[in-house]
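# Structural overview for review
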Amino acid sequence: MAVVGVSGRLAGCYCLRAVRSSLQVPAVQLHVSKTAMGACQKDFESAVNQVKLLKKDPGNEVKLKLYALYKQATEGPCNTPKPGLFDLINKAKWDAWNALGNLPKETARQNYVDLVSGLRSSSDSSSQVKPEADKKQAGYETLVITSEDHITKIMLNRPAKKNALTTQMYREIMLALEAASKDDSTITVFTGNGDYYSSGNDLTNFTDIPPGGIEEKAKNSAILLRDFVGCFIDFPKPLVAVVNGPAVGISVTILGLFDLVYASDRATFHTPFSHLGQTPEGCSSYTFPKIMGPAKAVEMLIFGKKLTAGEACAQGLVTEVFPDSTFQKEVWTRLKAYSELPQNAMHISKQIIRNHEKEKLHAVNAEESSILQERWLSDECMNAVMDFLSRKAKL
Ligand SMILES: CCCCCC/C=C/C(=O)SCCNC(=O)CCNC(=O)[C@H](O)C(C)(C)COP(=O)(O)OP(=O)(O)OC[C@H]1O[C@@H](n2cnc3c(N)ncnc32)[C@H](O)[C@@H]1OP(=O)(O)O
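Residues numbered from 1 in each chain as written. Predicted model: local features only at pLDDT ≥ 70, side-chain atom pairs only at ≥ 80, totals over all residues.

Looking at an unreviewed UniProt entry, one finds the protein named Enoyl-CoA delta isomerase 2 and attributed to Odobenus rosmarus divergens. Under the Sequence similarities (unreviewed entry) heading, UniProt states for the protein: "In the C-terminal section; belongs to the enoyl-CoA hydratase/isomerase family." The UniProt entry for the protein carries the following text under Function (unreviewed entry): "Able to isomerize both 3-cis and 3-trans double bonds into the 2-trans form in a range of enoyl-CoA species. Has a preference for 3-trans substrates." (UniProt positions renumbered as here; feature names shortened; annotations may be inferred.)

By the criterion of burial, strand E6 (residues 260–264) is predominantly enclosed, with four of the five residues buried. Two elements, strand E4 (residues 239–243) and E6, share four bridges in a ladder whose sense is parallel. The partner of Val-242 across the bridge, within E6, is Tyr-262. Across three bridges, the pairing between E6 and strand E9 (residues 320–322) is parallel. Residue pairing across strands places Tyr-262 opposite Glu-320, the latter belonging to E9. (Buried ≥ 20, exposed ≤ 12 C-beta atoms within 10 Å, placed from the backbone. Helix = DSSP H or I, 4+ residues; strand = E, 2+ residues; numbered from the N terminus. Pairing = 2+ DSSP bridges.)

Our focus in this paragraph is the sheet that holds strand E1 (residues 143–148). With mixed pairing, six strands are arranged side by side in an open sheet as E1-E2-E3-E4-E6-E9. Of all the strands in the sheet, the pair left with one neighbour each is E1 and E9. The average undirected angle you get between the axes of adjacent strands in this sheet is 20°. Pairing analysis gives six bridges linking strand E2 (residues 151–156) to strand E3 (residues 187–192), with the strands arranged parallel. Across the sheet, Lys-153 pairs through a bridge with Val-189, a residue of E3. Across the sheet, helix H13 (residues 327–339) lies against E2, E3, E4, E6 and E9, angled at about 165° from E3, the strand it touches most. (Axes fitted to C-alpha atoms, helices over the stretch in contact; angles between N-to-C directions. Contact = placed C-beta atoms within 7 Å.)

Before going further, it helps to examine the nonpolar core. Counting 70 residues, the largest nonpolar core has Ile-154, Val-240, Val-243, Val-261 and Ala-263 as its most contacted members. Examining the composition of this core, we find that seven residues originate from one element, helix H7 (residues 167–182), more than from any other. When residues no more than four places from it in sequence are discounted, the contact partners of Val-240 are Ile-187, Val-189, Phe-258, Asp-259, Leu-260, Tyr-262 and Leu-335. Grouped together as the second largest cluster of nonpolar side chains are 25 residues, Leu-69, Cys-78, Ala-92 and Leu-100 included. (Core = buried A, V, L, I, M, F, W, Y, C linked by C-beta atoms within 7 Å.)

In structure tokens, the structure reads:
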């Protein structure tokens, strides 16, 4: 929320170019005051020092965020009179601080620490030209994450299993989205490694039963699902799906929460929920009828009709389809151009569009997750999963 507010104010400051040269990091006066108390005080102090050592100028927008979070963390909500209209620099700073509203000091400290940590890693990684393999972010086992040309790419990386989503993968995706929301990229892209985009939920997730039994499993899965989808609802930057091949289940439904969906003409879109004794998720019970009209949504979500990329495009789920032979080249050229657009304008536009719907989407997500919690315990669902597993075992 804090970042949302900061960006919003910045957009109103149309004289940023004048501000640019004056907002050097040291001028932001980063001295730790004794009022910054609490659990992460040490981290905060260390972050304040690290800012001075950044190798790369983080840019005005980030400097204003740092300034605002520092003031909020040390002094609390904005408590000084608004500078005059022509005092451009102080007004931009005041706006940034004031936009944080009543954000608690502890949260501001934590946000400051997180922001600096993101800056440090991006500054470290951009300090020299690295070979392709080195651009990969460490710490993920099921994803390959790269940041380049202001684009963070999150690639599902279980090609041998058609990028089926394991519990670990859901968690890593949530972490990756959290990191991407704070890094210096302008847009975030999802894609799959190999011939599939994703075959949806890994059906073997259902075989890992905790000591509390299948009820506990269903409950935990419903919480994970709700949190996972919630990250997509709240994601603040333009989110793009580069659908390189067939997509199944949750990897299709979640597309309704993306801002752009580019598909190879090899891609297909399949939501066989009834076949699996399951029901729609990813807010698709709400987004699909809105996107394609109720009749077409029913064909997909209830009767499991598989769409070609062309059909999905005609129905509004896909933005544009490209021939597979030129897919990667055309899409990445397009995305690189988009990523150069002014970051604040794009992010604020996304917020305006999404904010009308956010509350509704969270309510739909909660309802879909709780219905699925029951469905997973049904004979219909258990039999369908057993069928898949026994077919797999016979192969
Ligand atoms: C926190 C929980 C949230 C849950 C949210 C609810 C989500 C719901 C959904 O996503 S429902 C959709 C579930 N997905 C499916 O039903 C697809 C199942 N898979 C298939 O039908 C096929 O594998 C295929 C059509 C995707 C691909 O077929 P084919 O080209 O013939 O390849 P293989 O079947 O040989 O697949 C290769 C390899 O991958 C394994 N695999 C593929 N998809 C899944 C999957 N979804 N779950 C588990 N495993 C999958 C497949 O078994 C093969 O493994 P093997 O080599 O035999 O070990």
